Amino acid sequence: MNTVGLPLVVGVDGSEPSLRAVDWAADEAALRAVALKVVYASLWERYEGSALASDVGKPSEEVRADDIVGAAARRALRRRPDLRVSADVLPEEPEYALVREGRTASALVLGTRGRSGLVEMLLGSVSLTVAAHAACPVIVLRGSHDNRVGAESRGRVVLGVGETGKDSAATGFAFQEARLRAAPLDAVRAWRCPAHESVDHPLLAGEPARLHEEHAAEALEEALKDAPTDVELHRRTVEGPARRVLLDASRDAGLLVVGARRTPGHLGLQLGRVAHGVLHHAACPVAIVPEQA
């Protein structure tokens, strides 16, 4: 998907985390030199009904939705006065609306919702579904529990390197984000030695582990073969489960980038365990970048 010049879309719901997402998205849109579109989606007609709507002139939920997107758009312009900002209210389920918006967006930005304190449950109901099905990168602003989301946290970019090779969309996205931020890129490849390959003899104990580490290093080099020369690049192979390795790496990062394979025609949840885990628990914003199978 060619996303050059397409607007950045941010989903809002009036919560404080979604307003922090507007701040982050405004900065990101300015970095990319693209427009910002603020979207609020809700099935307000389901609750108000057409008869009530005609009696009062305008459903109260629609008034509330207009207030939410209007306030969010003004907030973005206060932060970035030169930014091109538009706003839209979509009368449908947020998951469907945002996935559709992603077809003509450079990326989707979502915040975690924390009104009830059930952040993980609410994340799963919208952000996970959108991240699993959107055609463009989806950035979920993890880290909102400690107010780290914002321009002050735009540190290094961490890329989780999987099995996709040098043509990975996630790798290209990470290069772009590091270049835009003038930030270093930390490319991380996790590796493990399967338990059935361990040996008891002390002279042979390190051999299986060494082979797996070498394979990880080779995969890392292959993925980064076409790395741009203007990006400060650091390569790391780390022993351990990929989910834990990436969560550790997210603790002092500005953005964590992970690829997620898309299978054409498959309707199920298209997120692997690693992407699912970091979306729930990373300490920084997470970008899920679709990879074609």
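Note that the coordinates shown come from a computational prediction; the quantities given were computed from them, not determined experimentally.

Draft legend 1. Just the overall build of the protein, in detail. Scanning the protein from terminus to terminus reveals 11 helices and 10 strands. The burial tally for the protein puts 48% of its 293 residues in the buried class. Of all intrachain contacts in the protein linking residues separated by at least 6 positions in sequence, the fraction that spans at least 24 positions is 80%. Surface accessibility of the protein: about 14,000 Å² in total, with carbon and sulfur atoms responsible for 53%.

Draft legend 2. Molecular detail of the pattern of salt bridges. As enumerated under the stated definition, the model contains 18 salt bridges in all. R156 is the salt-bridge partner of D252, the closest N and O atoms lying 2.5 Å from each other. Of this pair, D252 sits in the loop between α10 (242-249) and β9 (255-262) while R156 sits in the loop between β5 (138-141) and β6 (157-160); the two residues are 96 residues apart in sequence, bridging distant segments of the chain. On the accessibility criterion, D252 (52% relative accessible area) is exposed. Put simply, R235 and E221 hold a salt bridge, and the shortest N to O gap is 3.0 Å. Taken together, the residues span a long stretch of sequence, with R235 in strand β8 (residues 233-239) and E221 in helix α9 (residues 207-223) at a distance of 14 residues.

Draft legend 3. Summary view of the pairing of strand β4 (residues 107-111). In terms of burial, β4 is largely enclosed, as five of its five residues are buried. Burial of the side chains of β4 extends over both faces: A107, V109 and G111 are buried on one face and L108 and L110 on the other. Sheet topology note: the strand β1 (residues 8-11)/β4 ladder contains three bridges and is parallel. Bridged to V9 within β4 is L108. Relative to β5, β4 is paired through four bridges, and the arrangement is parallel. For L108, the partnering residue across the bridge sits in β5 and is V138.

Draft legend 4. Region of interest: the layout of surface pockets. Here the largest pocket defines a volume of roughly 680 Å³. Forming the boundary of the largest pocket are 31 residues, of which V161, G162, E163, A242 and V274 lie nearest the centre. Counting only elements with at least two residues in the lining of the largest pocket, the list comes to β6, α8 (169-181), β7 (185-191), α10, β9 and α11 (273-281). In terms of residue class, the lining of the largest pocket is made up of 16 nonpolar, 10 polar and five charged.

Draft legend 5. Structural detail: the environment of R261. Along the chain, R261 turns up in strand β9. For the pair R261 and A132, spaced 129 residues apart in sequence, the C-alpha separation works out to 9.0 Å.

Draft legend 6. Representation of the confidence of the model for the protein in the model. Across the protein, pLDDT averages 80, with 74% of residues at or above 70. Confidence drops under pLDDT 50 across residues 114-122; counting only partners more than four residues distant or on other chains, this segment forms 13 contacts.

Draft legend 7. Summary view of the nonpolar core. V10, V12, L36, V109, I139, L185 and V257 are the most contacted members of the largest nonpolar core, which has 43 residues in total. If you tally residues by element for this core, the top one is helix α1 (residues 16-32), at six residues. Setting aside residues no more than four positions away along its own chain, V109 makes contact with L8, V9, V10, G11, A21, W24, A25, I139 and L141. Core analysis: the second largest hydrophobic core is formed by 37 residues, V130, V278, C284 and I288 among them.

How each quantity is defined
- What you see as residue numbers is a count from 1 along each chain, following the sequence as written.
- It should be noted that, the model being predicted, local features are given only for residues of pLDDT at least 70 and side-chain atom pairs only at 80 or more, the latter also being counted only at that level, while totals for whole chains, interfaces and linings use all residues.
- Side-chain numbers come from the whole structure's heavy atoms, not from hydrogens or water.
- Only runs of H or I of at least four residues qualify as helices and only runs of E of at least two qualify as strands under DSSP, and these elements are numbered from the N terminus.
- Buried residues are those whose accessible area, probed at 1.4 Å on protein chains only, stays under 20% of the maximum for their type, while exposed residues exceed 50% and partly exposed ones sit between those limits.
- Contacts are assigned to residue pairs with any non-hydrogen atoms lying within 4.5 Å of each other.
- Every accessible area reported is derived by Shrake-Rupley at a probe size of 1.4 Å, with residue values counting cover from the shown protein chains alone.
- Whenever a carboxyl oxygen of Asp or Glu lies within 4 Å of a side-chain nitrogen of Lys or Arg, that contact is scored as a salt bridge.
- One bridge is not enough; two strands pair if DSSP finds at least two bridges between them.
- Cavities and pockets were defined on a 1 Å grid built over protein atoms only: a cavity is a set of grid points that admits a 1.4 Å probe from which the probe cannot escape, a pocket is an open set flanked by protein on both sides within 12 Å along at least five of seven lines, and lining residues are those with an atom within 4 Å of any such point.
- Grid points are joined across faces, edges and corners, and a volume is the space filled by probe spheres set on the points.
- Residue type decides the class: Asp, Glu, Lys and Arg count as charged, Ala, Val, Leu, Ile, Met, Phe, Trp, Tyr, Cys and Pro as nonpolar, and the leftover types, Gly among them, as polar.
- Confidence per residue, as judged by the predictor, is encoded in pLDDT with a range of 0 to 100.
- Nonpolar cores were defined as sets of buried Ala, Val, Leu, Ile, Met, Phe, Trp, Tyr and Cys residues, with membership established by side-chain atoms within 4.5 Å.

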